[in-house]
Amino acid sequence: MSKLIAPSILAADFANLQRDIEMVNNSEADWFHIDIMDGVFVPNISFGMPVLEAINRHAGKVIDVHLMITQPERYIETFAALGTDNLTVHYEACTHLHRTLQAIKNANMRTGVALNPHTNVSLLEDVITEIDLVCIMSVNPGFGGQSFIENTYKKIRQLKEIILDNNATTQIQIDGGVTDKNAKQLIDAGADVLVAGSYVFKSANPSETIKHLKETANA
Ligand code: DX5
Ligand code: ZN
């Protein structure tokens, strides 16, 4: 199956958001990756519901929301109503992860769980069949433009084994510091979806950069 590219809107020009969304619509990107930060779970605040609503008015592809907030279960219905397709919560932010995953499913969204760099993938073993998407953070969450943590490759391989052992259909997403330099190696290790923020939006031709990343990932 083709490997997917999810540009991270966090790195877009917020004063020209509609232009950047149309660029993604007309590109070879597969998903819109949308980072919501609360200033508590992570040391940064990005944007909230009104901005997501505005993005969704123009976005013509899958809306992949990455919640970097405490107690994300408080907002499951809200994100469903805003047109979210994939809702990813952090393992470290959920006391009752199994219950939260059921609630996301009941709200007709795909379930996602993100792991901080220090969180071992084996902690997902008992819920892996409930998860549509695992987001392995390859930087510490909170900011775009950080450098990639090399230990990620090992985590991908370990997670892939857990998925196969449990006959699960979970996709593996990598988030942080992704470029054309590590894309192929990430895919070869077992990744299915690559998130890229600064690499795409800070480039001279974002649409061409997406095309190049898509080709690199699927070579
Ligand atoms: C970081 C976010 C990422 C971020 C990636 O907390 O979850 O999605 O936008 O940005 P880059 O690709 O610049 O590392
Ligand atoms: Zn993200």
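Shown above is the structure to which this text applies.
The present account deals with the structure reproduced in this document. Just so it is clear, the structure is predicted and the values come from calculations on it, not from any experiment.

## Some remarks on the site of ligand 1
Argument step 1. Neighbouring residues of ligand 1: 20 residues in total, closest S8, G142, D175, G197 and S198.
Argument step 2. In this structure, an oxygen atom belonging to ligand 1 sits 3.2 Å away from a side-chain N or O atom of H66.
Argument step 3. Within the complex, the protein chains bury 98% of what would otherwise be the 390 Å² of accessible surface of ligand 1.
Argument step 4. When contributions to the shell around ligand 1 are tallied by element, the ones reaching two or more residues are β2 (31-37), β3 (62-68) and β8 (193-196).
Argument step 5. Element by element, the count of residues in the shell around ligand 1 is highest for β2, at 3 residues.
Argument step 6. Tallied by class, the residues present in the shell around ligand 1 amount to 8 nonpolar, 10 polar and 2 charged.

## Quick notes on unusual backbone geometry
Argument step 1. Notably, Q71 is not glycine yet its phi reads approximately 45°, a positive angle.
Argument step 2. Checked against the element boundaries, Q71 lands in the loop between β3 and α3 (76-81).
Argument step 3. Exposure remark for Q71: the relative accessible area of 44% places this residue in the partly exposed category.
Argument step 4. In this model, N167 sits at a positive phi of 50°, which is unusual for a non-glycine residue.
Argument step 5. Locating N167 in the fold gives a position in the loop between α5 (152-165) and β7 (171-175).

## A closer look at the pattern of salt bridges
Argument step 1. According to the stated counting rule, one finds 8 salt bridges in the structure shown.
Argument step 2. The residue K184 makes a salt bridge to D188 at a minimum N-O spacing of 3.0 Å. Residue K184 and its partner D188 are located together in helix α6 (residues 183-189), separated by 4 residues, close to a single helical turn.
Argument step 3. When its relative accessible area of 54% is taken as the criterion, D188 is described as exposed.
Argument step 4. Through salt bridges that share partners, D13, R19 and D20 make up one connected network.

Calculation notes
Residues numbered from 1 in each chain as written. Chains lettered and ligands numbered in written order. Predicted model: local features only at pLDDT ≥ 70, side-chain atom pairs only at ≥ 80, totals over all residues. Heavy atoms only, no water. Near = heavy atom within 4 Å. Polar contact = N/O pair within 3.5 Å; in protein donor to acceptor, adjacent residues only side chain to side chain. Areas by Shrake-Rupley, 256 points an atom, 1.4 Å probe, with all protein chains shown as cover. Helix = DSSP H or I, 4+ residues; strand = E, 2+ residues; numbered from the N terminus. Nonpolar A, V, L, I, M, F, W, Y, C, P; charged D, E, K, R; others polar. Buried < 20%, exposed > 50% of the residue type's maximum accessible area, 1.4 Å probe, protein only. Salt bridge = Lys/Arg side-chain N within 4 Å of Asp/Glu carboxyl O.

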